[in-house]
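Structural overview
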Amino acid sequence: MDEKIKSVMATVFGMDVSEINENSSPDVIEEWDSLNHMNLIVALEEEFGVEFSEDQIASMLNYKLIKLTLEEL
Amino acid sequence: MMDLKYTEILNENRRLGKQLTSNPPYKISVLSNIVVNQISDVIEYKLRSHNINAIVNLGDYDNIVQDSEKFSQSDAVIVFWELSNLVDGLFYKSHQYDVAQCNALIEKITGEISFVFKNLATTSVVLINKFSSLVFNSSNIRDNMFDTICKQLNAYITDNLPSNFTIIKIDKIIANLSIGSSVDLRYFYSSKALYSIEFFKAYSTFVSPVMLSILGKSKKALIFDCDNTLWKGIVGEDGVDGIELSSGNKNGIYFEEIHNLSQELAKQGIIIGLCSKNNSEDVEEVFAKRTDFSMKREGISIVKVNWNDKANNLREIASELNIGLDSLVFLDDSDFEVNFVSETLPEVSVVRVPDKLYEYPKVFRSQMPLFYNHSRSVEDLSRVSMYKEANERKLVQATFSNLEDYLYSLELKLDIQLNEKTLLPRIAQLTQKTNQFNLTTKRYTETEIDGMLNDGSTKIFSFSLEDKFGGYGTTGLSIVKVKNEKAEIDTFLMSCRVIGREVEIAFLDTIINNLAASGIEQLTARYVKTLKNGQVAEFYELSGFSTVEETENTKLYKLNIGDYKAKEINHISINFE
């Protein structure tokens, strides 16, 4: 799952997978703005066949929280 | 092809983009009053997969009118006008409208539409969405005000449509997908994004035939296998009278429909041909003897009925017709032939006749847009040009002639507040959220803002904007630090909801006026570059500041307040106590 999340994030932000790590968040990734956050959610939902709630979407603001949210589903 | 996931589209699109850099760019601008950012990659991908170096440029949020001036030189423009967001919350607020309010809105929007028509009159091709009330009104029996507004606006578009415009009936796309799959209401309420990624995939598939046709990529010939493709049965075994090919026979009805649909294509200049492993005499006999066969021999322009392999036959067909293999669509019922041709000639579009024959006409219809001829439909439009010309003359009189007049018509009111404590949370939020129109991008917490409001040396100006249809709320601010007769603009920002209306100029005028009145002589300001604020890089230059120092990411400016020339934006009335 880790690799899949990283690969989705890298694709949405137009980065290399190796640049995505545990600390990836909007603070360190300039491309991670509100529009790209929406794109990221759409991509993750398609990739994992899930649907996040509004609260989950609002909280998934770094790599760890994304992973945690997906594990809880 | 649109079975790809969004991430796959993003990756493929980047790959194709690199591969196509030497092709001439095909620039498409998308103007919208809602958030449609996902459309860019999906449309680019759709066209790039046909070797078109498509580059999509998104206009600013809710700036269709302004952007129609800016982007008229694009190769194609898509006007993605969303009914529900013509006015914030129109889909529920319109229910309370009286006739006068309804007419005022229609007058405003038709004025905007006619201005857009005028600005884009010389653009090679413009697609404009038909307004749709479907998403919000699919269950009501009687039309409500929202439906009425929708109908009236659509009538205006249809009656006044310039010949280079094509209407995109998004109801068809929504119906194909279902309303539930077309929209994502989570993002609608929070981010003004209504449509789902599924919708954008379907939208791109729906509109791409227009661009493909203009760039000469439409299909030109439709080639049929015979047995179980043009009729039910095997003529060599069942005999000429044994095959079923018209509504007079049990399974013939599906084939009769196919014959008539291909006749429809033939009328538009599409070449019909045969490519079949059969005895030539048997096939000729079907045409000669079966009077119930609605496809006629003289309608078939090229025939390869023999025992050679089909890839070879299709190659010969393309070369005899002097068209590319990528102009062919080939229909066959056999998995073997479909796979063989797909693998040998990947340029050919191959369609397998479905096993469930009742689905055959549906599958066939879904392929018909591949043959779309855009110039023909423009010609067809000229038939109605007589009555339209009269309408267009009327239109030119009714519309405002320039952007200035348009901005006047909005009746913009700018309310400016100074050090307004009740706005503290909103002020902090704006500094945290605003990325694009933000000169220094300094983020402040509520506590920090509270400190500034009380330190006696900071002026926080904020504004709320209103037009004749409602308010936008507090959408911009500036923080100015004052020290004796000097001041520095620490923060100057504005929400992207209100750009394109020259509000920032009126706001700056007012701030400088206020500073002058309080005895400030020298003003300094800064532009700090981020990845997102490129659009304001020249803001202070354009406002008459002079550059003092420039490094890679920062520009420092100064202004002698006595030298400042107020721009006096006449279309905005300012209220500042």
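Given the structure is predicted, the values throughout are model-derived calculations rather than measurements.

Definitions and cut-offs
Residues numbered from 1 in each chain as written. Chains lettered and ligands numbered in written order. Predicted model: local features only at pLDDT ≥ 70, side-chain atom pairs only at ≥ 80, totals over all residues. Heavy atoms only, no water. Contact = heavy atoms within 4.5 Å. Buried area = accessible area lost by both parts, 1.4 Å probe. Salt bridge = Lys/Arg side-chain N within 4 Å of Asp/Glu carboxyl O. Core = buried A, V, L, I, M, F, W, Y, C linked by side-chain atoms within 4.5 Å. Buried < 20%, exposed > 50% of the residue type's maximum accessible area, 1.4 Å probe, protein only. Helix = DSSP H or I, 4+ residues; strand = E, 2+ residues; numbered from the N terminus. Pairing = 2+ DSSP bridges. pLDDT = per-residue confidence, 0-100. Polar contact = N/O pair within 3.5 Å; in protein donor to acceptor, adjacent residues only side chain to side chain. Phe/Tyr/Trp six-rings, centres within 6.5 Å; stacked < 30°, edge-to-face > 60°. Axes fitted to C-alpha atoms, helices over the stretch in contact; angles between N-to-C directions.

**Re the interface of chain A and chain B**
Contact residues are listed per partner, giving 20 residues for chain A and 20 residues for chain B. Summing both partners gives a buried area of about 1,800 Å² for chain A against chain B, and 54% of it is carried by carbon and sulfur. If you sort the residues of chain A by the area they bury against chain B, T11(A), M38(A) and E46(A) come out on top, with a joint share of 34%. Linking chain A with chain B are three salt bridges, by the criterion used here.

**Points about the nonpolar core**
Residue and element names in this part refer to chain B. F80, Y195, Y203, F492 and F545 are the most contacted members of the largest nonpolar core, which totals 109 residues. Ranked by the residues each element gives to this core, the list is headed by helix α5 (residues 99-119), at eight residues. Dropping the residues within four chain positions of it, Y195 is found in contact with I34, F80, E82, I170, I174, S182, V183, D184 and F200. Judged by nonpolar contacts, the second largest core, of 32 residues, contains F224, F255, F287 and V305.

**What to know about the pairing of strand β9 (residues 328-332) of chain B**
Walk down a regular strand and you will see the side chains alternate between the two sheet faces. Residues and elements named next belong to chain B. Of all five residues making up β9, five are buried, and the element is well covered by its neighbours. Two elements, strand β6 (residues 221-224) and β9, share four bridges in a ladder whose sense is parallel. Residue L222 lies in a different strand from β9, and its bridge partner there is V329. Of the pairings in the sheet, the one linking β9 to strand β10 (residues 349-352) comprises four bridges and is parallel in character.

**Things to note about the confidence of the model for chain B**
Counting all residues, the mean pLDDT for chain B is 91, and 95% of those residues have values of 70 or more. The complex model carries a pTM of 0.78, and its ipTM stands at 0.91.

**Regarding the side chain of N144(B)**
Residues and elements named next belong to chain B. Position of N144 among the secondary structure elements: in the loop between α6 (134-137) and α7 (145-160). A polar contact is formed between the side chain of N144 and the side chain of N137, at a distance of 2.9 Å. Sequence-distant contacts of N144, defined by excluding residues within four places in its chain, comprise H95 and N137.

**Some words on unusual backbone geometry**
Residue and element names in this part refer to chain B. Here K192, not a glycine, exhibits a phi torsion of approximately 60°, which is positive. Mapped onto the fold, K192 is located in the loop between α10 (185-191) and α11 (197-214). Even without being glycine, T441 reaches a positive phi, approximately 50°. Within the element layout of this structure, T441 appears in the loop between α21 (424-433) and α22 (446-454). Overall, the relative accessible area of 18% leaves T441 in the buried class.

**Concerning the packing of aromatic side chains**
All names here are of chain B. Under the defined criterion, the tally for this structure stands at 33 aromatic pairs over all chains. On the numbers, 5.6 Å between centres and 70° between planes, the contact of F80 with Y195 is edge-to-face. Of this pair, F80 sits in strand β3 (residues 76-80) while Y195 sits in the loop between α10 and α11; the two residues are 115 residues apart in sequence, bridging distant segments of the chain. Exposure class is identical for F80 and Y195. Each is buried. Between F492 and F507 the ring centres are 5.5 Å apart and the planes differ by 45°, which places this aromatic pair in the tilted class. Taken as a pair, F492 in strand β14 (residues 486-494) and F507 in helix α23 (residues 503-517) lie far apart in primary sequence, 15 residues in all.

**Quick notes on the sheet that holds strand β17 (residues 554-560) of chain B**
Residue and element names in this part refer to chain B. Strands sit in the order β16-β17-β15-β14-β13-β12-β11-β18 across an open sheet of eight strands; the sheet is mixed. One side of each edge strand has no neighbouring strand; the edge strands of this open sheet are β16 (546-550) and β18 (572-576). Strand after strand, the sheet turns through a mean of 25° between neighbouring axes, direction not considered. Looking at chain direction, β16 and β17 are connected through four bridges and run antiparallel. Across the sheet, the residue bridging to E549 is L556, located in β17. Taken strand by strand, α21 contacts β12 (458-467), β13 (470-483) and β14, and its axis lies near 85° from that of β13. Here α22 sits on the sheet and contacts β12 and β13; the angle it forms with β12, its principal contact strand, is near 110°.

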